[in-house]
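# Fold and geometry: a report
Residue-level listing of the chains:
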Amino acid sequence: MTKMPPRPNLAGSRVAASKGVAFSSNPILQVKLPAWRSRFVLFVLFVAFVALIVRALWLQGVSTDFLQKQGASRYARTLELPATRGKITDRNGQVLASSVPVKAIWAIPDDVQAAPKDKLVQLAKLLEMSDAELRKKLDSDRSFVYLKRQVEQDTADKIVKLGIPGVETRKEYKRFYPEGEVMAHVVGFTNIEDAGQDGMELAAQKTLAGMTGSRRVIKDRLGRVVEDIESIREPHDGRDLTLSIDSKIQYIAFTQLKEAVEKFKAKAGGIIVVDAKTGEVLALANLPTYNPNDRSVLTGAQLRNRVVTDTFEPGSTLKPFTVALALDTHRVTPSTVFQTAPGKMTIGTATIGDSHAHGPLTVAQIIEKSSNIGTAKIALGMPPEEMWEMFTTVGFGQQPKFGFPGAVAGRVRPYKSWRPIEQATMSYGHGISVSLIQLAHAYLIFARNGDIIPLSFTKVTDSPIGQRVISADTALQMRRMLETVVAPGGTAPQAQVPGYRVGGKTGTAYKIEGGKYVRKYVASFSGIAPMSDPRLIISVMIDEPQGQHYGGPVAGPVFANVAANALRALNVPPDSSVTNIIIPKEPLEESM
Amino acid sequence: MTGRLCLLLTALLVACALSVVSAQYKARSLFIELERAQSAARQLDVDWAQLQLDQSTLGKNARIEELARRDLNMMPVTAARTQYLTVGAQ
């Protein structure tokens, strides 16, 4: 410390600075104030500080969460990251269903009321509704009304451009089905919220639907995102689904079925095409159908996927299973003879019959001519249990496992309750009910040398392992018999395919209404093509055909046309040089 | 000595502060760019889906058949009019 210079006389030196009175001699200093006044000031200051501290504690400690939230809401935003529903494609990658972003137009009615008239007129025009309709929608007490949903992007942009206060848009998705009615029953459809309602859209809802994500961001003054403030919850788009369907074959099947249904003025029809090598469903069509892009008018009949959800008495298409069982258990050979004359047979109190009396027939001829009596005689030589087991192993009466919504099991009564007459009628497909898809599935045992594999609606990559039902020899013998059905002497010469050896079995059955058989028919045909190395199984069902009702002339040509075109589409080489088809003038009518 | 050190540290501090500001600014503008690129990618995805859809709509079998029959006067092949060639045959 340096030594301070001697203090000069303060009174003297500061005189010039002030107005004649030095600080130390200020008269105010002389005033004696009571001590409490300064203490009072001090106290007031102290209280003020305490108030500040309490306030600070209040803000920092107690209401900090609320305040921080308020602050964050002024710059931070949570954005929803939408996920797209997966596409559905056919086996060759052609898109069958795809979601495209569209806009929902909504409004705050109170705000819109103030808008100029001409703008509302324009809005109504863009929304494709009348002025009155629009006004009715806006005349609401609610603070939120949808004006129209699923508006396409271009139109939505024009609506935004109108700049009507209170009219807003919201992003949503619309599902488009380019193949329309042709593919309707396989693909199904989604509702307005993009959730699957029918067909594969419903069956694969879990994998098709995406998971929406979200992120929290900071936005700047201009509304631009400048920073993420939390980790992003990534959106997961739905996975694409590749179906086993071949859209070319599907189209062929659909048009041929449509032609037949129109020709015979039938009530309905169904067709399914299965790849015998992989168990994939290549085509599945139903009539009547609907356009999934415009579902404003829909009836139950249109929605019904008859192939999968409807059961019917298959009739003669079931005979091959009875005969195959008898052959496989060596009870008969293809040349064993059964007497079917006089075309009638009485079992217990009931009588069954053939449409024509045939006389003695070999087992092979029983299939060719579709004799009920012959089949019944073969069946009655076997225990009911074995027949029931056969039907059950090929899937009849069993809940199908091909993952399609609404698939039905059909009905095969337990063998313990079978009476002989029932066993006889069941052997030729009466008193038993199956769906068309089950029938096509069961025919796999003939097409695949005796084993059966599960059906699949999605593309199969590795060949499935089959479960053996009958021996390969029996399957081959059965295929030879099925081939005779489409020969000029059989019940379905109309099912011949130029260039290919094919085979199959016709079916004609009465329908049951109110527990009684009525004079209405279901004509069906299940066939295999080509015979030398089976590739396709095609099952056709025509419900209540008019004019004709036998399976051969009604369903046979559908099979033939589909087989011819589908085999060509699949590049299957022809296995026959026959290109001219002989259809006898009066073909054989089968028995019912 | 201490005064100079203080001055130096202050200058350093100011420089650091400025670089933080500029880095933040850069980060934000890059982020905006990234955002823009991502939304462009999303838009392209949407366009792609739309184009695929258009391809399917325009290429659907019903339309092709109609055009082939009506405009090009084509008809389906039949086995009778087809000549099959076997590989290796004379």
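It should be emphasised that the depicted structure is a prediction, and the values quoted were computed from it without experimental measurement. (Residues numbered from 1 in each chain as written. Chains lettered and ligands numbered in written order. Predicted model: local features only at pLDDT ≥ 70, side-chain atom pairs only at ≥ 80, totals over all residues. Heavy atoms only, no water.)

It is worth spelling out the state of the cysteines at this point. Residue and element names in this part refer to chain B. Scanning the model with the defined rule gives zero disulfides over all chains in all. Between Cys6, a cysteine without a disulfide, and Cys16, which holds the nearest cysteine sulfur, the sulfur-to-sulfur distance is 16 Å. For Cys16, a relative accessible area of 44% gives the class partly exposed. (Disulfide = S-S within 2.5 Å. Buried < 20%, exposed > 50% of the residue type's maximum accessible area, 1.4 Å probe, protein only.)

To continue, consider the UniProt feature "transmembrane region" (unreviewed entry) in chain A. UniProt tags residues 40-59 of chain A as "transmembrane region" (unreviewed entry). For residues 40-59 of chain A, helix accounts for 100% and strand for 0%, while the C-alpha atoms at its two ends are 28 Å apart. (UniProt positions renumbered as here; feature names shortened; annotations may be inferred. Helix = DSSP H or I, 4+ residues; strand = E, 2+ residues; numbered from the N terminus.)

Our focus in this paragraph is the pattern of salt bridges. Opposite charge on two side chains allows them to pair when their charged atoms are near. Residue and element names in this part refer to chain A. A full pass over the atoms with the stated rule returns 25 salt bridges over all chains. Its salt-bridge partner being Lys511, residue Glu544 comes within 2.8 Å of it at the nearest N-O pair. Here the residue Glu544 occupies a position in the loop between strand S21 (536-543) and helix H23 (551-569), and Lys511 occupies one in strand S19 (residues 503-513), the gap between them amounting to 33 residues. Residue classification places Lys511 among the buried positions, given a relative accessible area of 14%. Here the residues in one salt-bridge network are Arg149, Arg170, Glu172 and Glu193, joined through shared partners. (Salt bridge = Lys/Arg side-chain N within 4 Å of Asp/Glu carboxyl O.)

The next thing to look at is the confidence of the model for chain A. Residue and element names in this part refer to chain A. In the predicted model, chain A carries a mean pLDDT of 85, and the fraction of residues at 70 or more is 94%. Mean pLDDT across the elements of chain A bottoms out in helix H1 (residues 10-13) (47) and peaks in strand S9 (residues 268-275) (94). Segment residues 10-16: pLDDT under 50, and two contacts once partners within four positions in sequence are set aside and those in other chains are kept. (pLDDT = per-residue confidence, 0-100. Contact = heavy atoms within 4.5 Å.)

Before going further, it helps to spend a moment on the sheet that holds strand S7 (residues 225-228) of chain A. Pairing within the open sheet is antiparallel, and its three strands lie in the order S1-S6-S7 (chain A). Each having just a single partner strand, strand S1 (76-81) and S7 of chain A make up the two edges of the open sheet. Sheet twist, expressed as the average angle between the axes of neighbouring strands with direction ignored, equals 45 degrees. Note: strand S6 (residues 213-219) of chain A against S7(A), three bridges, orientation antiparallel. Following the sheet pairing, Val217(A) is matched in S7(A) by Asp228(A). Running at roughly 105 degrees to S7(A), helix H1 (residues 2-58) of chain B makes contact with S6 and S7 of chain A of the sheet. (Pairing = 2+ DSSP bridges. Axes fitted to C-alpha atoms, helices over the stretch in contact; angles between N-to-C directions.)

All names here are of chain A. One pass over the structure, following the stated rule, counts 13 aromatic pairs over all chains. For the ring pair Tyr510 and Tyr521, a centre distance of 5.2 Å and an interplane angle of 35 degrees mean the geometry is tilted. One end of the pair, Tyr510, is in strand S19; the other, Tyr521, is in strand S20 (residues 516-529), with 11 residues separating them in the sequence. Taking the relative accessible area as the measure of exposure, Tyr521 reaches 8% and is therefore buried. Centroid distance Phe525 to Phe559: 4.8 Å. Interplanar angle 45 degrees. Geometry classified as tilted. Note that Phe525 is positioned in strand S20 and Phe559 in helix H23, a separation of 34 residues in sequence. For Phe559, a relative accessible area of 0% puts it in the buried group. (Phe/Tyr/Trp six-rings, centres within 6.5 Å; stacked < 30°, edge-to-face > 60°.)

This next bit is on the interface of chain A and chain B. On the chain B side, the residues contacting the 24 residues of chain A number 22 residues. A per-residue breakdown of the area chain A buries against chain B is headed by Pro178(A), Val226(A) and Tyr251(A), which together make up 24% of the total. There are one salt bridge connecting chain A and chain B. Residue Glu35(B) is joined to Arg215(A) by a salt bridge in which the shortest nitrogen-to-oxygen separation is 2.9 Å. On inspection of chain A and its partner chain B, the count reaches five residue pairs in polar contact (both at pLDDT 80 or more). Among the elements of the structure, strand S3 (95-107), S7 and helix H12 (247-263) of chain A are those that each provide at least two residues to the side of chain A that touches chain B. Residue contributions to the side of chain A that touches chain B peak at five residues, all from S3(A). (Buried area = accessible area lost by both parts, 1.4 Å probe. Polar contact = N/O pair within 3.5 Å; in protein donor to acceptor, adjacent residues only side chain to side chain.)

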